[in-house]
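# Structural overview for review
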Amino acid sequence: MVFGLALHFLRERTAAEEIAQDVFLALHKHLRSITSDEHARYWLRRVTVQRCIDHARRHPQISVPIDDAHELGVDPPENDVFVRERLKKLIATLAPDARAVMLLRYQEDLSPPEIAATLSMPVATVKSHLQRSLALLREKMNRTGSMVKE
């Protein structure tokens, strides 16, 4: 979970491995304060996302040109690997906080209140990030999709 979350957030294997290692070292130091399996999952998600956001802010080189995404001229099947890759690249262009909210919602399947607790932000802010990010992703997907159909 830790490595997968970091890898999807950063889209850079080496950085994700370093963050995962750092998170598990931190867990080892805080092991006595962990009271249950649920608390451990919460703690791991929270620390992983915080470290990913910090890394993304320190290294803002993550930008993926839309032209790198594979374009399709027809409506793709639901599990189309090219569309999935294009979405991953577009999500990587979101601001760190918005990217964290999207990954926790759609990769980790957390509810908005759980995301709010994990990221220490109001539920309304989480919902706002979700709405704005989804609208932005839809717009970018439609824009790139319409370029192909023309």
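Calculation notes
- Residues numbered from 1 in each chain as written.
- Predicted model: local features only at pLDDT ≥ 70, side-chain atom pairs only at ≥ 80, totals over all residues.
- Heavy atoms only, no water.
- Helix = DSSP H or I, 4+ residues; strand = E, 2+ residues; numbered from the N terminus.
- Buried < 20%, exposed > 50% of the residue type's maximum accessible area, 1.4 Å probe, protein only.
- Contact = heavy atoms within 4.5 Å.
- Areas by Shrake-Rupley, 256 points an atom, 1.4 Å probe, with all protein chains shown as cover.
- Salt bridge = Lys/Arg side-chain N within 4 Å of Asp/Glu carboxyl O.
- 1 Å grid on protein atoms, 1.4 Å probe; cavity = no way out; pocket = protein on both sides within 12 Å on 5 of 7 lines; lining within 4 Å.
- Points joined across faces, edges and corners; volume = space filled by probe spheres on them.
- Nonpolar A, V, L, I, M, F, W, Y, C, P; charged D, E, K, R; others polar.
- Core = buried A, V, L, I, M, F, W, Y, C linked by side-chain atoms within 4.5 Å.

Further remarks concern the overall build of the protein. The secondary structure content of the protein amounts to 7 helices and 0 strands. Along the chain direction, N to C, the helices and strands of the protein fall in the order α-α-α-α-α-α-α. The buried share of the protein, reckoned over its 150 residues, is 39%. For the protein, restricting intrachain contacts to residue pairs at least 6 apart in sequence, the fraction spanning at least 24 positions comes to 66%. Summed over its atoms, the accessible surface of the protein is roughly 9,100 Å², and 53% of this surface lies on carbon and sulfur atoms.

The next subject is the pattern of salt bridges. The full count for this structure, using the stated rule, is 6 salt bridges. A salt bridge links R51 to D22, with the nearest nitrogen and oxygen atoms 2.4 Å apart. Placement of R51 in helix α3 (residues 37–58) and of D22 in helix α2 (residues 13–29) is noted, with a sequence separation of 29 residues between them. For R51, a relative accessible area of 29% gives the class partly exposed. Between D109 and R105 there is a salt bridge; the shortest N-O distance is 3.6 Å. Judged by relative accessible area, which is 60%, D109 ranks as exposed.

On to the environment of V123, then. Here V123 is to be found in helix α7 (residues 123–149). You can call V123 partly exposed: its relative accessible area is 31%. Placed 12 residues apart in sequence, V123 and S111 show a C-alpha to C-alpha distance of 9.7 Å.

Summarising the element assignment, H129 is placed in helix α7. Beyond its immediate chain neighbours, meaning those up to four positions away, H129 contacts D97, A98, V101 and M121.

Take the layout of surface pockets next. By volume, the second largest pocket amounts to about 170 Å³. Lining of the second largest pocket is provided by E38, R41, Y42, R45, L110, E114 and T118. Looking at the lining of the second largest pocket, the elements with two or more residues in it are α3 and α6 (112–119). By residue number, the principal contributor to the lining of the second largest pocket is α3, which donates 4 residues. Partitioned by chemical class, the residues of the lining of the second largest pocket number 2 nonpolar, 1 polar and 4 charged.

Let us now look at the nonpolar core. Formed by 40 residues in total, the largest nonpolar core has its most connected members in F9, W43 and L119. Those elements giving two or more residues to this core turn out to be α1 (2–10), α2, α3, α4 (81–92), α5 (96–106), α6 and α7. Among the elements that make up this core, the one with the highest residue count is α3 (8 residues). Beyond its immediate chain neighbours, meaning those up to four positions away, W43 contacts V23, A26, L27, H30 and I34.

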